[in-house]
Amino acid sequence: MSELKPKGNTAVNIARSIEQLIRNESWPAGYRLPTVRTLAEDLHVNANTVSAAYKQLRDAGIIETDGRRGSFVPPKTEILHTETAVPPNLVDLASGNIDHRLLPELNPDILESYRLSTDVGCHGDSPELMAFIQNWLDRNTGIHTETMLLSSSLEIIERALTQRCMPGAKVLIESPCWLPLPALLSHLRLEAVAAEMDEEGALIPSDLSPDDVSAVILTARAHSPTGICYSKNRWQQWQQWLSRHNPLLIIDDHWAALSRKPFHGMEGFTNEWIYSTSTSKFLGTDARIAIAASNGPTLRAMKKRFSLGPRWISKLLQHITLYLWQQLDSDGLPNIAESYQSRRDSLITHLKQHGIYVPGSTGEGQHIWLPVPNESQIIQFLAAKGWAVQSGASFNFGKKPAVRITIGNLTLADCKTLADDIAETLAVNGKAIY
């Protein structure tokens, strides 16, 4: 039979002993740990020693503490799925997917000159793709610094935060936010701090100093889920707030290749920053490559860590990405951007005709954010009319009721019908939205 009591006389040994009890399920999920005082008396050690052991376990995510209720063994970790299950009879405006009709065709000639690679290690980056990316960044963002290829924008953010932030550190993120971020920060044992959005971007919290945060994550354009793009004035306010301080700034510019709004540049940020974008919005998830550029040491540390794990992005994927991106770079990307923008503008215009205000109405991207009086009611009513939309409360820290509408599966003809259905649904509440 396994010993059910922890052992040790140092914080490290006590933490290891408790970890083993949890790993072998002698202490199952939901088990309440002894109080600090009780365990200290049982082990004949100072209470501070037990407190330090518990802190190590909390920082590692092995135990959780819930105020006066004490510390517990958390439930088993489940894989997080942010996708929404949409019934097949509904138009999917909930999952957040891009428009598959706008993805480029895979021409058989794409592999005609390609030969499977045998390179390993640091030789994994395609020189042709890297040269193309450097040129594209310079032309479109003014950035000409060190770059790195990864699999997704979320991976860039995760690796940067892991490299830079200690457990328990504060990370400032927009609210409403990109849905995976709160779960990622929680998993990394980081504390999310909200920066509320208005029509010019995220507001700088008045009661917070840059010295109090370890990292800041901002979406330069086509903010998900509102579509808001930062004004030059708000961008400069963030530059001034972060000047003479050194939290890591992560810029998520996921819509960059499709954006028709100006990018205000990174020159004014004197603190360390990482710029992130990817090809997923115009090439889809199969040909997705993410690009990170930076002015500081965190990216170099990320490269070193990457070299000890995945080591490189598939050269075949790099070859396909370069081929397709070059094909779209002149007329293709503007046409894709126009398709999304025309549908977004049309839906917003029809909603405004019903007196319905849409935050971020002058923005861009693939989403519309709509505050509502009763979230569950509008989701149910729209489903009855054939539309599936995403619940919005989990996107914002105040859990304010809203829905997110993704336009990828809409046609221009759908926009008026959907707006009419939304207006009719909201009228049931007897309230207008302002």
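Placed above this text is the structure.
Model, not experiment: these values are computed from the prediction.

## Looking at the overall build of the chain
Regarding its fold elements, the chain presents 13 helices and 14 strands. Against the 2.2 N^0.38 benchmark of 22 Å for 434 residues, the chain shows a C-alpha radius of gyration of 24 Å, consistent with a compact globule. With respect to the three principal axes, the spread of C-alpha positions in the chain is 75 × 65 × 45 Å. A fraction of 73% describes how many contacts in the chain between residues 6 or more apart in sequence connect residues 24 or more apart. For the chain, the accessible area works out to roughly 21000 Å², and carbon and sulfur atoms hold 51% of it.

## Things to note about the sheet that holds strand S12 (residues 367-371)
Taken together, four strands build an open sheet; the order of strands is S3-S13-S14-S12 and the sheet is mixed. Only two strands of the sheet have a single neighbouring strand rather than two, namely strand S3 (91-93) and S12. With strand direction ignored, the average angle separating the axes of adjacent strands in the sheet is 30°. Relative to strand S14 (residues 402-406), S12 runs antiparallel, the two being bridged by five bridges. Directly across from Trp-369, in S14, lies its bridge partner Arg-404.

## Some thoughts on the nonpolar core
The tendency in soluble globular proteins is for nonpolar side chains to be buried side by side. Within the largest apolar cluster, 104 residues are counted, with the highest numbers of intra-cluster contacts made by Leu-161, Trp-238 and Ile-422. In terms of residues, this core owes the most to one element, helix H11 (residues 332-353), which gives seven residues. Excluding its chain neighbours within four sequence positions, the residues that come into contact with Ile-422 are Leu-351, Ile-356, Leu-370, Ile-378, Leu-382 and Ile-405. By size, the runner-up hydrophobic cluster in this structure holds 19 residues, among which are Leu-21, Leu-33, Leu-39 and Ala-53.

## What to know about the environment of His-187
One can find His-187 in helix H6 (residues 180-187). Overall, His-187 belongs to the exposed group, its relative accessible area being 60%. Along the chain, His-187 and Gly-61 lie 126 residues apart, while their C-alpha atoms are 7.6 Å from each other.

## Description of the pairing of strand S4 (residues 146-150)
Burial of S4 is extensive: four of the five residues sit out of reach of the surface. Sheet topology note: the S4/strand S11 (residues 290-294) ladder contains five bridges and is antiparallel. When the bridges of S11 are listed, Leu-149 appears paired with Ile-291.

## As for the packing of aromatic side chains
The tally for this structure, following the rule as stated, stands at eleven aromatic pairs. When the centroid spacing of 5.9 Å and the interplanar angle of 65° are considered together, the rings of Trp-235 and Phe-263 count as edge-to-face. One end of the pair, Trp-235, is in helix H7 (residues 232-242); the other, Phe-263, is in the loop between strand S9 (248-252) and strand S10 (273-278), with 28 residues separating them in the sequence. Given the relative accessible area of 1%, Trp-235 is considered buried. Residues Trp-235 and Phe-269 carry aromatic rings whose centres are separated by 5.4 Å and whose planes lie at 85° to one another, so their mutual orientation is edge-to-face. One end of the pair, Trp-235, is in helix H7; the other, Phe-269, is in the loop between S9 and S10, and 34 residues separate them in sequence. Residue Phe-269 is classed as buried on the basis of its relative accessible area of 4%.

## Observations concerning the side chain of His-350
Considering the arrangement of structural elements, one finds His-350 in helix H11. Look at His-350 and you get buried, because its relative accessible area is 19%. His-350 has contacts with Cys-415, Lys-416 and Ala-419, leaving out every residue within four places of it along the chain.

## Concerning the packing of helix H2 (residues 36-43) against helix H3 (residues 47-59)
Running from N to C, H2 and H3 point in directions that differ by 120°, and their axes come no closer than 8 Å. The element H2 and its partner H3 pack so that their crossing is right-handed. The segment H2 lies against H3, with Val-36, Leu-39 and Ala-40 engaging Ala-47, Val-50, Ser-51 and Tyr-54. Its residues placed into classes, the contact of H2 with H3 shows six nonpolar, one polar and no charged.

## Points about the sheet that holds strand S7 (residues 201-202)
On the basis of which strands lie adjacent, the open sheet formed by eight strands has the order S4-S11-S10-S9-S8-S5-S6-S7 and mixed pairing. Each edge of the open sheet is held by one strand with a lone partner, namely S4 and S7. Most of the contacts of H6 go to strand S5 (residues 170-175), to which it runs at about 170°, and overall it touches S5, strand S6 (191-198) and strand S8 (215-219). Lying over the sheet, H7 contacts S5, S6, S7, S8 and S9, oriented at roughly 170° with respect to S8.

## Topic: the packing of helix H5 (residues 153-164) against H6
Between H5 and H6, the shortest axis-to-axis distance is 11 Å and the interhelical angle comes to 30°. Between H5 and H6, the interaxial angle falls into the category roughly parallel. Here H5 runs over H6; the crossing is right-handed. From H5, Leu-154, Ile-157, Glu-158 and Leu-161 reach across to H6, where they touch Pro-180, Leu-181, Leu-184 and Leu-185.

## Some thoughts on the side chain of Thr-298
If you trace the backbone, Thr-298 turns up in helix H9 (residues 297-307). Take Thr-298: its relative accessible area is 6%, and that puts it in the buried class. Not counting chain neighbours up to four residues away, the residues in contact with Thr-298 comprise Ala-160, Gln-163, Arg-164, Leu-248, Glu-272 and Ile-274.

## Looking at helix H4 (residues 127-141)
The end-to-end C-alpha distance of H4 is 21 Å, a good match for the 21 Å that 15 residues give at a rise of 1.5 Å each. Each element contacted by the buried residues of H4 is listed here: S4, S10, S11 and helix H10 (315-328).

Each value, and the rule that gives it
Residues numbered from 1 in each chain as written. Predicted model: local features only at pLDDT ≥ 70, side-chain atom pairs only at ≥ 80, totals over all residues. Heavy atoms only, no water. Helix = DSSP H or I, 4+ residues; strand = E, 2+ residues; numbered from the N terminus. Rg over C-alpha atoms; globule rule 2.2 N^0.38 Å. Contact = heavy atoms within 4.5 Å. Areas by Shrake-Rupley, 256 points an atom, 1.4 Å probe, with all protein chains shown as cover. Pairing = 2+ DSSP bridges. Axes fitted to C-alpha atoms, helices over the stretch in contact; angles between N-to-C directions. Core = buried A, V, L, I, M, F, W, Y, C linked by side-chain atoms within 4.5 Å. Buried < 20%, exposed > 50% of the residue type's maximum accessible area, 1.4 Å probe, protein only. Phe/Tyr/Trp six-rings, centres within 6.5 Å; stacked < 30°, edge-to-face > 60°. Left-handed = near helix turned anticlockwise from the far one by under 90°. Nonpolar A, V, L, I, M, F, W, Y, C, P; charged D, E, K, R; others polar. Parallel < 35°, antiparallel > 145°, perpendicular 65-115°, else oblique. Expected span 1.5 Å × (residues − 1).

Keep in mind these numbers describe shape, not what the thing actually does.
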